[in-house]
Each structure stands twice: as structure tokens, then as C-alpha cells.
Amino acid sequence: MSSAPTPAQQPLVMQIIVRRDLLDAEGWGVGPLMAQVAHATSAVLHETRERQDTQAYLEGLKNMRKVVIQTNDQASIERLAGLLSTMDPPVPHHLWIEQPENVPTCLALAPNRRESRIKKALDKTGCRLWKG
């Protein structure tokens, strides 16, 4: 009988959370949203470049895993950022704030092994897989 994998055995993944309302209600195009994703992921990889998990993730170029997740609006993405920041220890992430509008658009988590505390924070803020 095999047991469930331990967190260290889980593959590294990046979760990228995008505000769905920017596409559906605010009229942003897909291209500008993809740029927000690129900004947030580049920023978190740069900020966490000294972390062992980030280095291992970047060494596996052909095995990089990312999950794109949607959240409802500005309030929910800011709430998620707050939850991640106040965990002990904090979960490394970057909330991209588009300038000059000063609008939070996308949040990228540093490469991680899908810890249960991350899943709980995503669930608590209404995040779900991006559809369409």
C-alpha cells in the first residue's frame, strides 16, 4: 500500500492568480492580461531567486508547472495577498500593481510544493481554476 506523497515529493508549481473581472467587466483584453501574468511571474522569480525551490524550479526548464487561477475582483486578490503575507512563515508571492493606474491585477506565488496552507488561502478567497 502506498502512502500519500510528502510535501517534499510534490513537484514544484507556481500558482498565478488573475482578476477575472478585468476581462469580463472592465474590458481588458487577453493580451494585456497576459502581460500582467508575465510581470507578476517575472517579479516573484526575481525576488525569490536565492530560494532553493526557485533555483530548482528554474533548473527544470522542461518540467515547469504553472496553474492559472481566477479570482473575482480587486478585493479578493488583495485579501489573498494579505493572507499569504500574514502566514507564519509568510508565503513568498508578488502582487503586481499596474501603473500608472495603481490597480492590482495579478498575484504570482513563488515555486512551491502545494502546501495545504496555500490551498486553504486560495479556497478562502474564492479562487478557482481559470475557465475560458
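On a predicted model such as this, the values are computed, not experimentally measured, just so you know.

Enquirer: Break down the overall build of the protein for me, with residues and values.
Expert: Looking only at helices and strands, the protein has 5 helices and 5 strands in total. Starting at the N terminus and walking to the C terminus, you meet the elements of the protein as β-α-α-α-β-α-β-β-α-β. Computed over C-alpha atoms, the radius of gyration of the protein comes to 15 Å, within 12% of the 14 Å expected from 2.2 N^0.38 for 132 residues, which places it in the range of a compact globule. With respect to the three principal axes, the spread of C-alpha positions in the protein is 50 × 30 × 30 Å. A burial count over the protein gives 39% of its 132 residues as buried. Taking the intrachain contacts of the protein between residues at least 6 apart in sequence as the baseline, contacts between residues at least 24 apart amount to 77%. A total of about 7,700 Å² of accessible surface is found on the protein, and carbon and sulfur atoms cover 55% of it. Between the centroid of the 16 positive side chains of the protein and the centroid of its 14 negative side chains there is a distance of 9 Å.

Enquirer: Explain helix α4 (residues 74-86) residue by residue, including any values.
Expert: Under the 1.5 Å per step criterion, the end-to-end length of α4 is 18 Å for 13 residues, consistent within 8% with the ideal 18 Å. For α4, the set of buried residues is Ser 76, Ile 77, Leu 80, Ala 81 and Leu 84. Along the long axis of α4, the arc covered by the buried residues comes to 140°, so they all point the same way. In α4, the exposed residues that point more than 90 degrees away from the buried face are Ala 75 and Thr 86. You can read the cap of α4 off the contacts: a side-chain oxygen lies 3.3 Å from the backbone nitrogen of Ala 75, and it is on Asp 73.

Enquirer: Can you tell me about the pairing of strand β1 (residues 14-19), naming the residues and giving the values?
Expert: Looking along a regular strand, one sees the side chains alternate between the two faces of the sheet. With 6 of 6 residues buried, β1 lies mostly within the body of the structure. Two elements, β1 and strand β2 (residues 66-71), share 6 bridges in a ladder whose sense is parallel. Bridge assignment links Gln 15 to a residue of β2, and that residue is Val 67. Pairing of β1 with strand β4 (residues 103-109), which is carried by 3 bridges, proceeds in the antiparallel orientation. Its bridge partner lying in β4, Val 18 is registered against Cys 106.

What counts, and where the lines are drawn
Residues numbered from 1 in each chain as written. Predicted model: local features only at pLDDT ≥ 70, side-chain atom pairs only at ≥ 80, totals over all residues. Heavy atoms only, no water. Helix = DSSP H or I, 4+ residues; strand = E, 2+ residues; numbered from the N terminus. Rg over C-alpha atoms; globule rule 2.2 N^0.38 Å. Buried < 20%, exposed > 50% of the residue type's maximum accessible area, 1.4 Å probe, protein only. Contact = heavy atoms within 4.5 Å. Areas by Shrake-Rupley, 256 points an atom, 1.4 Å probe, with all protein chains shown as cover. Lys, Arg positive; Asp, Glu negative; His and termini not counted. Charge placed at Lys NZ, Arg CZ, Asp CG, Glu CD. Expected span 1.5 Å × (residues − 1). Arc of directions from axis to C-beta. Polar contact = N/O pair within 3.5 Å; in protein donor to acceptor, adjacent residues only side chain to side chain. Pairing = 2+ DSSP bridges.

No statement about biological role is implied by the geometric values presented.
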